[in-house]
Amino acid sequence: MGNTVIAGTGSFLPPFVLNNHDLEMMVDTSDEWIITRTGIQERRICPKGKATSDMRVEAAKSACKDAGISPEEIDFIICATISPDKFFPSTACIIQAKLGLKNIPAFDISAACSGFIFGLEIAQRLMTEGRYKTGLVIASECMSRLADYTDRSTCVLLGDGAGAVVIKASDEEGLMGSYISSDGSYEDILNAPAGGSANPSSFDTVEKRMHFMKMEGAVLFKIAIQTMCESINTLLKMFNLKKEDIALVVPHQANLRIIKGVAKGMDMPSEKFYVNIEKYGNMSAACVPVALDEASKKGLFRKGDLIITVSFGGGLTWGANLIKWTK
Ligand code: UT7
């Protein structure tokens, strides 16, 4: 023991599809602009009456099934989200109850689009300590609830979904390590200004649409490419690897042009970067685990493959995980 492996992956995408033509009826945009500038064709929307935790439970069950375990075997739950069911209690605790689990630690982490990457790092550290044998790391987002459907510069990008992994203590080397980082001086370029203690909810904050996501897209675009390249390069250096050693990179899906920019910046073939942005758009923290599950189910990973997951997002936060595929 002493190592941690990914034993199972799962995901859940709500069935309702919002495509670019639907958005043409809502804001001044076009299918052509959205595809050319972002690569997105459609995204999923969580229905009214359902919340982030409902999608997570489905993703968690699917990951448990893939790992061949029952949820009762889970020793801790880490949830990454910026669209929690409520301020408190944590969405992780709500999921714990929905899975019928008791007396295990369950908590949320807030690292925006990098939440899953941060979550895997924390989970691996918890496992290394030896007390826990099986963990659940989930990322789920209802970004449609944070989207301002009068703001064409952001609403066309966002979608809803959930992804999860079951990790297990093992003799085999699987989750090898992570690099995570942040820079809080960029707080204002990607945020939801109201609803917290700085700007509590009021008629004024609602009227000014301050509860929705605000973003300086063009500034972020450059930082995204730079920080994702930095994350991959740092991991390669940490583990004394060459980029040719990596079988597949599973990146955050914010913009197809960003993913291509990272491939170019790394001087790696773009085919080595898994892309599904056309179907789901930007689901914040959920992008990476959903893509990981999809690539796994498509049989794109072989035992022993080295995979890098990489992301960046609000905070700003960024980072990457190095995974040896053991399934
Ligand atoms: O998950 C992490 C956080 N997200 C990101 O990191 C996103 C990073 N940024 C981006 O992906 C891109 O900056 C965007 C997709 C957000 C925007 O693409 P862009 O190529 O940087 O466009 P822009 O903001 O420079 O805007 C170009 C033009 C503007 O018109 P003018 O001023 O040139 O006349 C915008 O008003 O495109 C216009 N525009 C649109 N037009 C049609 C902006 N949004 C739209 C739209 N439909 N939806």
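The shown structure was predicted, so the numbers you read here are calculated from the model rather than taken from an experiment. (Residues numbered from 1 in each chain as written. Predicted model: local features only at pLDDT ≥ 70, side-chain atom pairs only at ≥ 80, totals over all residues. Heavy atoms only, no water.)

Draft legend 1. Quick look at the layout of surface pockets. Estimated volume of the second largest pocket: approximately 160 Å³. As for the second largest pocket, its lining consists of F12, P14, P15, C46, P47, K50, D54, M55, V57, E58 and K98. Of all the elements, helix α3 (residues 52-67) adds the most residues to the lining of the second largest pocket, at 4 residues. When the residues that make up the lining of the second largest pocket are grouped by side-chain class, the tally is 7 nonpolar, no polar and 4 charged. (1 Å grid on protein atoms, 1.4 Å probe; cavity = no way out; pocket = protein on both sides within 12 Å on 5 of 7 lines; lining within 4 Å. Points joined across faces, edges and corners; volume = space filled by probe spheres on them. Helix = DSSP H or I, 4+ residues; strand = E, 2+ residues; numbered from the N terminus. Nonpolar A, V, L, I, M, F, W, Y, C, P; charged D, E, K, R; others polar.)

Draft legend 2. Broad picture of the pattern of salt bridges. As enumerated under the stated definition, the model contains 12 salt bridges in all. The residue R152 makes a salt bridge to D28 at a minimum N-O spacing of 3.6 Å. Remark: D28 occurs in the loop between α1 (20-24) and α2 (31-38) and R152 occurs in helix α6 (residues 152-155); sequence separation between them is 124 residues. We classify D28 as exposed; its relative accessible area is 60%. (Salt bridge = Lys/Arg side-chain N within 4 Å of Asp/Glu carboxyl O. Buried < 20%, exposed > 50% of the residue type's maximum accessible area, 1.4 Å probe, protein only.)

Draft legend 3. Molecular detail of the site of the ligand. As a matter of local geometry, the ligand sits amid 23 residues, with T29, R37, H252, N255 and N282 nearest to it. At 2.9 Å, a backbone N or O of R152 approaches a nitrogen atom of the ligand. At 2.9 Å from an oxygen atom of the ligand is found a side-chain nitrogen or oxygen belonging to R257. Relative to its free-state accessible area of 950 Å², the ligand is covered by the protein chains to the extent of 70%. At the level of elements, α2, α6, α8 (217-238) and α9 (256-266) are the ones that each hand at least two residues to the shell around the ligand. It is α8 that provides the largest number of residues to the shell around the ligand, a total of 4 residues. When its residues are assigned to classes, the shell around the ligand shows 12 nonpolar, 7 polar and 4 charged. Lining the shell around the ligand are residues from two domains, each supplying at least three of them: domain 1 (3-172) and domain 2 (177-324). (Near = heavy atom within 4 Å. Polar contact = N/O pair within 3.5 Å; in protein donor to acceptor, adjacent residues only side chain to side chain. Areas by Shrake-Rupley, 256 points an atom, 1.4 Å probe, with all protein chains shown as cover. Domains from an automatic or database assignment.)

Draft legend 4. Fine view of the domain arrangement of the chain. When its domains are assigned, the chain resolves into domain 1 (3-172) and domain 2 (177-324). Taking only C-alpha atoms, the centre of domain 1 and the centre of domain 2 are 14 Å apart. In this assembly, 51 residues from domain 1 lie in contact with 49 residues from domain 2. Across the interface of domain 1 and domain 2, roughly 3700 Å² is buried in total on both sides, 61% from carbon and sulfur atoms. On the domain 1 side of the contact with domain 2, C113, I117 and F118 bury the most area, a combined 18% of that side's loss. Counting every contact that joins domain 1 to domain 2 gives 2 salt bridges. The closest approach of N and O atoms between R209 and D148, which form a salt bridge, is 3.0 Å. Only β1 (3-12), α2, β3 (42-44), α3, α5 (115-128), β6 (134-142), α6 and β7 (160-170) provide two or more residues apiece to the side of domain 1 that touches domain 2. Looking at which element gives the most residues to the side of domain 1 that touches domain 2, the answer is α5, with 7 residues. Split by residue class, the side of domain 1 that touches domain 2 holds 22 nonpolar, 18 polar and 11 charged. (Contact = heavy atoms within 4.5 Å. Buried area = accessible area lost by both parts, 1.4 Å probe.)

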